[in-house]
Amino acid sequence: MSRAFALWLLVMLVLPFGGPAPALAHGAGWQIDSSAKTILYRFGYTDGSAMAFAEVVVTSPDGKTWQKARTDRTGHFAFGLPPQSADQIDLEWQIKVADGMGHIVQLSYVPTAKDDAPPHTQTGLSGTADLVDLPIWVEILFGFSLLANLFGGLFLWRKRAAQNATPTPSA
């Protein structure tokens, strides 16, 4: 087998793995359904599965922890706001949800005046995109980088093997 054929065969075997591949990862997000006294969130992943039993921390506008809890098996979590005076309206509440496996959803909730704002309902899941949701040019560049590193490593390995194989002149 000639060297050219061996190199061609190696390129043909490696080339299919050098390009972009579909990602099997997913991101996390939320869905909200609020009434006058209770805010109900559904936390889930972008593939449609629920963020079951994820840790939830609600922080009040003054920076104190208001509530610590977990989502239920369907990814739902609800919290109630305390009675608020007019000067407390439009203050930001922080909600952080972590599933313990690297997915974290951070969002803020700003209550509005109850008189002029109808209950808020959101039908779709909002949130972060897939963990590896990159533009196509980045995926192509990554593929070329893999190929360049593979062939560069092979080149350096052969060069070192050739240097070790040459006899050293003895004196």
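As a reminder, the structure under discussion sits directly above these lines.
Residues numbered from 1 in each chain as written. Predicted model: local features only at pLDDT ≥ 70, side-chain atom pairs only at ≥ 80, totals over all residues. Heavy atoms only, no water.

A. Highlighting the nonpolar core. In terms of nonpolar packing, the biggest core is built from 18 residues, with Tyr41, Phe43, Met51, Phe79, Ile95, Val97 and Tyr109 touching the most fellow members. Residue assignment for this core shows that the elements contributing at least two residues are strand E1 (28–34), strand E2 (38–45), strand E3 (55–59), strand E5 (76–80), strand E6 (93–98) and strand E7 (104–109). With sequence-adjacent residues up to four places away left out, Ile95 is seen in contact with Tyr41, Phe43, Val56, Val57, Val58, Phe79, Val105, Gln106, Leu107 and Tyr109. (Core = buried A, V, L, I, M, F, W, Y, C linked by side-chain atoms within 4.5 Å. Buried < 20%, exposed > 50% of the residue type's maximum accessible area, 1.4 Å probe, protein only. Helix = DSSP H or I, 4+ residues; strand = E, 2+ residues; numbered from the N terminus. Contact = heavy atoms within 4.5 Å.)

B. Molecular detail of the packing of aromatic side chains. This structure, assessed with the given rule, holds five aromatic pairs. When the ring of Tyr41 is compared with that of Phe43, the centres are 5.6 Å apart and the planes differ by 20°; the resulting orientation is stacked. Judged by relative accessible area, which is 0%, Phe43 ranks as buried. Taking 6.3 Å as the distance between ring centres and 40° as the angle between the ring planes, the aromatic pair formed by Phe79 and Trp93 counts as tilted. With Phe79 in strand E5 and Trp93 in strand E6, this pair connects stretches of sequence that are 14 residues apart. Considered together, Phe79 and Trp93 belong to a single accessibility category, that of buried residues. Here the aromatic cluster, defined as three or more aromatic residues joined through ring pairs, consists of Trp66, Phe77, Phe79, Trp93 and Tyr109. (Phe/Tyr/Trp six-rings, centres within 6.5 Å; stacked < 30°, edge-to-face > 60°.)

C. Local environment of the sheet that holds E7. In space, the four strands of this open sheet follow the order E4-E3-E6-E7, with antiparallel pairing throughout. Two strands lie at the open edges of the sheet, namely strand E4 (65–70) and E7, each paired on one side alone. Across the sheet, the axes of successive neighbouring strands diverge by a mean angle of 15°, strand direction being ignored. Judged from the six bridges that link them, E6 and E7 form a sheet pairing that is antiparallel. Paired with Lys96 across the bridge in E7 is Gln106. (Pairing = 2+ DSSP bridges. Axes fitted to C-alpha atoms, helices over the stretch in contact; angles between N-to-C directions.)

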